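Report on the structure
Here's the letter readout for the chains.
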Amino acid sequence: MNHDTYSDQYIRGILNTVKTIAMVGVSPRENRPSYFAFKYLLERGYRVIPVNPGQAGKDILGQKVYATLADIPEPVDMVDIFRASQFAAAVVDEALALAPRPRVIWMQLGVRDDAAAARAEAAGVKVVMNRCPKIEYGRLSSEISWIGVNSRTLSSRRAPLLGKGVQRMSLDRQTTGGGSTGASERAAREQE
Amino acid sequence: MTERTPGFATLAIHAGAQPDPTTGARATPIYQTTSFVFDDVDHAASLFGLQAFGNIYTRIGNPTCAVLEERVAALEGGTAGLAVASGHAAQVLVMHALMTPGDEFVASKKLYGGSINQFNHSYKNFGWNVVWADPDDIASFERAITPKTKAIFIESIANPGGVITDIEAISNVARRAGVPLVVDNTLATPYLCRPIDHGADVVVHSLTKFLGGHGNSIGGLIVDAGTFNWSREGRYPMLSEPRPEYQGIVLHETFGNFAFAIACRVLGLRDLGPALSPFNAFMILTGIETLPLRMQRHCDNAMAVAEWLANHNKVAWVSYPGLSGDRYHNLARKYAPKGAGAVFTFGLKGGYEAGVKLVSNVKLFSHLANIGDTRSLIIHPASTTHRQLSDAQKTQAGAGPDVVRLSIGIEDKDDIIVDLEQALVG
């Protein structure tokens, strides 16, 4: 499939159905983007398992850290790769070797490896590249609109709240396409 | 696979707005509150640490203002917006994110007079140095670039006198220099021109004018195009360096293609404080819903008035790029094909006295110092806004003794013309 753009339906379908996410490359440092995404997804109700060989055996936000994907003693629905592009292929192959296989392999914003993606897709695994699940959750639930970001969605339906609290929104929101950000996407391709 | 992108008029009504999640209110509520309760201590910590999206305090963000931010960002084709107290405040926050003391930026000398004042005088106190260039001579921008240059600033349609800037040509200069292009799109609005499509990296607005459109609320807005690579050379430490204000977060790495808007919010708005009132945001949002209808009518009326004035025996000249003989006509056809805006100047053969008489005689036009209202507005700069300047200075500023500026409203065009006629001959 084309990995330059993804439909909102495709991304929502993934984020709405996966429950357990193994996040490879989570930092224990509070100011790192990987920590941000890890904490956010935990707070949105996902079971998120940190994978980081340097932190193996320790806890991040109460979640036990594993050295490798193979060490995780339970099935995972999705592997989220927070490593630079040149390391992504090895993680993809580790993920494809898991039994049972994860249903989704997700590579973070700035991470892309088309050959590895093709191997995953050939094995029936859905792939997302160069996206952040935190930003995508925020965009599709409308939470990100609170900080003035163009969510690229429109809706005449009330957005549902997520569980308890007033500042958490659910992904079960009906939307259509919104304002596009083509200039930014073109610039990103030029900068690659 | 991608969803259809809705048209401009649909975005003008819907972008950023959805029924209120708790009450179902369909119009955007005015969240007239200073503060927002936290769900719990962890939630508060996540918000303050920028780890969660949400509302803390209206000086930093407010749900009514956020709808306005997303609305204008969507209309401009940008990744994010930030609403602030005025267009002037928007410019200060943009420069605050880009500049350190001793830095320079290159600005078109054909700008709104208020911007010229701000850049020449108040920025001096921050050590931000403006270098002026001539939009009619693109090479003058190239020549003005130095190792200290951090940005280029232009207006798409320049106030007061119908100057259309060649955005693409200047964006090429900015690209070669490795600096962002900042475009004030107030007079055009995204309905007439979307600078991001022509290479702008940041767009600023005075919402007070055509976007709000009804002359009732002051406001400003910054749009992040999401196009500039802030980390490439490390020249923009607000974006590319760990921030001591936020336990060492690097904003560009953390927020990607909307990091500039976040920097303006969490480093600029939070600490300098020019927040927009939620009530003003509501008024401006209501205005934006009819932007496409109003703007087309503004332009159609302005064209009719400009053509009529150009044939009037008391009028020496008309500066409106919609007119086929105008020096900016070709640029207007490229950058603002739906219309050349509704603000322009013309010269009276009778000079200063004729200008004073005209503004004294009008009955439908309002004599005041704003533009971009539903009402038609008139001002004689030489006897008002530019009164303190010498005649030579007035002429250089495009405010010579004979110059009258009009902002054409959306009344019936025949009534606008009849009022000018009776005031010119009266």
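Everything below is about the structure printed above this text.
This write-up is about the structure you can find in this document. Just so it is clear, the structure is predicted and the values come from calculations on it, not from any experiment. Per-chain numbering applies: the sequence of each chain, read as written, is numbered from 1 onward. Whichever chain is written first becomes A and whichever ligand is written first becomes 1, with later ones labelled in order. With pLDDT at 70 or above as the cut-off, local features in this predicted model cover only qualifying residues; side-chain atom pairs require 80 or more to be listed or tallied, and sums for whole chains, interfaces and linings still use all residues.

Time to look at the interface of chain B and chain A. By definition, residues are in contact whenever their C-beta atoms, placed on the basis of the backbone, come within 7 Å of each other. In this assembly, 52 residues from chain B lie in contact with 47 residues from chain A. In this text, helices come from DSSP runs of H or I with a minimum length of four residues, and strands from runs of E with a minimum of two, each type numbered from the N-terminal end. Broken down by secondary-structure element, the contributors of at least two residues to the side of chain B that touches chain A are α1 (8-14), α2 (41-48), α3 (63-76), β1 (80-84) and α10 (251-255) of chain B. Sort the elements by how many residues they give to the side of chain B that touches chain A and α3 of chain B lands first, with 7 residues. Residue polarity is assigned by list, with Asp, Glu, Lys and Arg as charged and Ala, Val, Leu, Ile, Met, Phe, Trp, Tyr, Cys and Pro as nonpolar; anything else, Gly included, falls into the polar class. Its residues assigned to classes, the side of chain B that touches chain A shows 20 nonpolar, 25 polar and 7 charged.

Here we come to the environment of Pro-195 of chain B. Residues and elements named next belong to chain B. Its location among the elements puts Pro-195 in the loop between α8 (189-192) and β8 (202-206). Looking at Pro-195, the number of C-beta atoms within 10 Å reads 32, which means it is buried. For Pro-195 and Glu-76, which are 119 residues apart along the polypeptide, the C-alpha to C-alpha distance reads 7.6 Å. In this structure Pro-195 touches Ser-156, Ile-167, Val-183, Asn-185, Ala-200 and Val-203, once residues within four positions along its chain are discounted. Exposure in this text rests on C-beta crowding, where 20 or more other C-beta atoms within 10 Å of a residue's own make it buried, 12 or fewer make it exposed, and counts in between make it partly exposed. The C-beta atoms are placed from the backbone.

Negative phi values dominate among residues other than glycine, just as trans dominates among peptide bonds. Looking along the chain, the bond that leaves Ala-99 of chain A and enters Pro-100 of chain A is cis, with omega of 0 degrees. Of note, Pro-100 of chain A is situated in the loop between α3 (85-96) and β6 (104-107). Although it is not a glycine, Thr-189 of chain B sits at a positive phi angle of roughly 60 degrees. Within the secondary structure, Thr-189 of chain B is located in helix α8. On the basis of neighbour count, Thr-189 of chain B is assigned to the buried category, with 30 C-beta atoms found within 10 Å.

Residue and element names in this part refer to chain B. Each pair of strands is called paired provided DSSP finds at least two bridges between the two strands. Across the sheet, which stays open at both edges, the 5 strands sit in the order β10-β11-β14-β13-β12 with mixed pairing between neighbours. Only two strands of the sheet have a single partner each, and these edge strands are β10 (315-319) and β12 (366-367). Sheet topology places β10 next to strand β11 (residues 343-348); 4 bridges connect them, and they run antiparallel. Bridge pairing in β11 links Trp-317 to Gly-347. Between the N-to-C directions of two axes lies an angle of 0 to 180 degrees, each axis being a line fitted to C-alpha atoms and, for a helix, fitted only over the stretch in contact. Contacts between helix α13 (residues 291-310) and the sheet are confined to β10, β11 and β14 (403-407), with β10 contributing the most and set at about 150 degrees to the helix. In the packing of helix α15 (residues 351-361) onto the sheet, the strands contacted are β11, β12, β13 (377-379) and β14, and the crossing angle to β11 comes to about 125 degrees.

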